[in-house]
Amino acid sequence: MKKKIILKNKKKYDEILRKSLSIKIKSLNELNSTTNKNWDSIGHMTIITNLEKKFQISFKSNDIIKFNSYKEGLKILRKYKIKI
């Protein structure tokens, strides 16, 4: 059961990043704000807003600033007790 929740949340996370940044790449592991032209200030806040809505959380300012890559996003979501 726990594994299903983790996979479901990871799928939601991936989908939010793809839609927020209008990208179609399969592997998101190397995705970050410096290598993706769509990850500008608007793209960044779109990601944050969509994640807050989907997972019913509210990011602290420091976490919004630190959220600069796919991998960092996973760490931050775990900090908010999202099983991912």
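Quick summary incoming for the structure in this document. (Residues numbered from 1 in each chain as written. Predicted model: local features only at pLDDT ≥ 70, side-chain atom pairs only at ≥ 80, totals over all residues. Heavy atoms only, no water.)

Before going further, it helps to spend a moment on the overall build of the chain. Helices and strands together make up the secondary structure of the chain, namely four helices and zero strands. Taken from N to C terminus, the helices and strands of the chain fall in the order α-α-α-α. Radius of gyration (C-alpha) of the chain: 12 Å, near the 12 Å computed for a compact globule of 84 residues. The principal-axis extents of the C-alpha atoms in the chain amount to approximately 35 × 30 × 20 Å. Relative to its 84 residues, the chain shows a buried fraction of 39%. (Helix = DSSP H or I, 4+ residues; strand = E, 2+ residues; numbered from the N terminus. Rg over C-alpha atoms; globule rule 2.2 N^0.38 Å. Buried < 20%, exposed > 50% of the residue type's maximum accessible area, 1.4 Å probe, protein only.)

Mapped onto the elements, serine 20 comes out in helix α1 (residues 2–21). Reaching out from serine 20, the side chain makes a polar contact with the backbone oxygen of isoleucine 16 at a distance of 2.7 Å. At a separation of 2.9 Å, a polar atom in the side chain of serine 20 contacts the side chain of asparagine 50. Not counting the four nearest positions on each side in its chain, serine 20 is found in contact with Thr46, Ile47 and Asn50. (Polar contact = N/O pair within 3.5 Å; in protein donor to acceptor, adjacent residues only side chain to side chain. Contact = heavy atoms within 4.5 Å.)

Turning to the packing of α1 against helix α2 (residues 41–55), a few remarks are in order. Across the interface, α1 lies against α2 with an axial gap of 9 Å and an inter-helix angle of 150 degrees. When you trace α1 past α2, the crossing you get is right-handed. Across the interface between the two elements, Asn9, Lys12, Tyr13, Ile16, Leu17, Ser20 and Leu21 from α1 touch Gly43, Thr46, Ile47, Asn50, Leu51, Lys54 and Phe55 from α2. Here the residues of the contact of α1 with α2 are counted per class, giving seven nonpolar, five polar and two charged. (Axes fitted to C-alpha atoms, helices over the stretch in contact; angles between N-to-C directions. Left-handed = near helix turned anticlockwise from the far one by under 90°. Nonpolar A, V, L, I, M, F, W, Y, C, P; charged D, E, K, R; others polar.)

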